2 protein chains.
Amino acid sequence: MKKIGILGTGIVGSTIGSKLTALGYEVKMGSRTANNTKAAEWVKANGKSATQGTFADAAAYGEIIFNCTKGAYSPEAIKIAGAATLAGKILIDISNPLDFSKGMPPTLIPALSNTHSLGEAIQQLLPQTSVVKTLNIVNCEVMVDAAKCGGDATMFLAGNDSSSKKEAELILKQFGWKDIIDLGNITHSRSTEMMLLIWLSTTMVTKNRYIGFKILR
Amino acid sequence: MKKIGILGTGIVGSTIGSKLTALGYEVKMGSRTANNTKAAEWVKANGKSATQGTFADAAAYGEIIFNCTKGAYSPEAIKIAGAATLAGKILIDISNPLDFSKGMPPTLIPALSNTHSLGEAIQQLLPQTSVVKTLNIVNCEVMVDAAKCGGDATMFLAGNDSSSKKEAELILKQFGWKDIIDLGNITHSRSTEMMLLIWLSTTMVTKNRYIGFKILR
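Small disclaimer: the values here were computed from a predicted structure and weren't measured.

Quick look at the overall build of chain A
So, step 1. Helix and strand counts for chain A stand at 10 helices and 11 strands.
So, step 2. On C-alpha atoms alone, chain A measures out to a radius of gyration of 16 Å, which is about the 17 Å that the 2.2 N^0.38 rule sets for 217 residues.
So, step 3. Along the three orthogonal principal directions, the C-alpha set of chain A runs to about 40 × 35 × 35 Å.
So, step 4. Residue burial in chain A is summarised as follows: out of 217 residues, 58% are buried.
So, step 5. Of all intrachain contacts in chain A linking residues separated by at least 6 positions in sequence, the fraction that spans at least 24 positions is 69%.
So, step 6. Approximately 8,400 Å² of chain A is accessible, and the part contributed by carbon and sulfur atoms is 54%.
So, step 7. Of note, chain A has its 23 positive side-chain charges centred 4 Å away from the centre of its 17 negative side-chain charges.

Description of the relation of the copies chain B and chain A
So, step 1. At an RMSD of 0.0 Å, chain B and chain A line up after a rotation of 180 degrees and a shift of 0.0 Å along the axis. With respect to symmetry, the two chain copies, as superposed, fit the operation of a two-fold axis. Proximity to the rotation axis, assessed at the C-alpha, singles out B:Lys214 in chain B; its C-alpha lies 2.5 Å from the axis.
So, step 2. The fraction of interface residues of chain B whose copies in chain A are also interface residues reaches 100%, indicating that both copies meet through the same surface.

Digging into the interface of chain B and chain A
So, step 1. Taken together, the 38 residues of chain B in the interface contact 38 residues of chain A.
So, step 2. When chain B packs against chain A, the two sides together hide about 2,900 Å² of surface, and 69% of this comes from carbon and sulfur.
So, step 3. Where chain B touches chain A, the interface holds 11 residue pairs in polar contact (both at pLDDT 80 or more).
So, step 4. When contributions to the side of chain B that touches chain A are tallied by element, the ones reaching two or more residues are strand E7 (107-108), strand E10 (179-184), helix H9 (189-193), helix H10 (196-206) and strand E11 (212-216) of chain B.

About the criteria used
- Residues numbered from 1 in each chain as written.
- Chains lettered and ligands numbered in written order.
- Predicted model: local features only at pLDDT ≥ 70, side-chain atom pairs only at ≥ 80, totals over all residues.
- Heavy atoms only, no water.
- Helix = DSSP H or I, 4+ residues; strand = E, 2+ residues; numbered from the N terminus.
- Rg over C-alpha atoms; globule rule 2.2 N^0.38 Å.
- Buried < 20%, exposed > 50% of the residue type's maximum accessible area, 1.4 Å probe, protein only.
- Contact = heavy atoms within 4.5 Å.
- Areas by Shrake-Rupley, 256 points an atom, 1.4 Å probe, with all protein chains shown as cover.
- Lys, Arg positive; Asp, Glu negative; His and termini not counted.
- Charge placed at Lys NZ, Arg CZ, Asp CG, Glu CD.
- Least-squares fit on C-alpha atoms with pLDDT ≥ 70 in both.
- Buried area = accessible area lost by both parts, 1.4 Å probe.
- Polar contact = N/O pair within 3.5 Å; in protein donor to acceptor, adjacent residues only side chain to side chain.

Here it is, written out as structure tokens:
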């Protein structure tokens with residue numbers, strides 16, 4: 001099994017990391033500091049296959065890297081992790097370019113929506129890395145357990161490299177996703193990131209965070 | 001049955017208009033000119049309950065008005081129809097703020113996405129009209145026949161007035177929509193209009209325009 005690096009110690013990173021260790025993967029969680037307390041708690045809770053370090057440590061460790069940092073901070077985290085360190089690897093980007101500057105609910109960062117996206121911005125920062133955008137359209141508990149939204153929901157993939165998308169798909173399947181649509185290259189990150197607003201609107205009115213989107217066809 | 005006015009003589013307007021006349025509604029299709037040839041063809045094909053006129057004629061005729069003009073042109077069409085003429089009525093806005101200026105596939109008009117929307121812009125132009133945003137997330141053939149996307153897809157409503165949304169819902173049900181989610185006020189137009197990109201991405205890769213979105217919950 002491929003070694004996994006995770007960038008980000010929040011609820012998304014720890015949920016993804018815990019599921020991956022439960023599946024038998026070795027996972028290193030990276031943060032700004034090598035001894036981050038949230039990462040230390042996660043390591044303690046997830047046994048010997050869970051370790052921690054800096055962003056650069058996690059990037060060096062993983063063959064596949066998950067970007068689980070907050071979208072507005074992701075470009076900086078990616079730069080700290082290091083383009084050279086991430087070269088030749090797969091980076092699975094599950095973050096969204098949320099803009100909380102106008103209050104709640106958030107919108108998207110204007111410069112990273114509609115005609116651009118966070119997925120593309122990260123790919124531009126990492127020309128020698130294969131960025132795959134996926135999972136960003138659901139709550140993190142649904143990300144790792146597709147059945148939690150009560151049905152055979154659809155998950156999307158976008159990225160420039162087919163074999164990298166196949167690697168990501170293997171993990172998606174272990175997370176319970178069966179209906180997976182490969183949208184094409186990384187520009188299709190725009191499409192899935194823009195689903196954030198309907199996700200927010202729908203979860204607010206249904207008072208249910210565990211929703212999923214099914215493409216009927 | 002309430003009289004219907006339709007703004008726009010394109011494929012969307014004629015599809016909506018034909019379905020409504022088939023359901024027994026009296027429908028007047030409006031365009032820039034009173035004797036538009038596409039509207040005349042539509043009138044000829046749809047019997048005595050189908051008539052045509054200017055935008056202002058259709059606005060005056062209908063108790064419920066469907067905006068089926070192209071999104072970029074909608075504000076102008078609405079102004080021609082006339083805010084005073086539309087006062088006290090329900091305007092069902094099914095258009096999207098498509099921007100074709102950067103080529104294909106289209107994006108959204110930046111000033112009308114993310115932090116604003118076409119639905120809101122139309123409501124601002126028509127302070128005495130109740131604007132209801134709906135149907136804009138599917139192909140027009142699916143709009144009037146929900147079963148065409150092969151399942152019990154979800155349709156959204158957004159608008160400031162509950163009784164107007166109930167009127168719109170009555171029509172949605174006659175179009176075959178069963179799973180209808182009222183998202184709240186007109187600002188939620190942003191959410192459904194931003195689904196345009198995932199609609200485009202998905203229809204391109206599945207080569208199927210008759211898709212629908214189901215919210216699993």
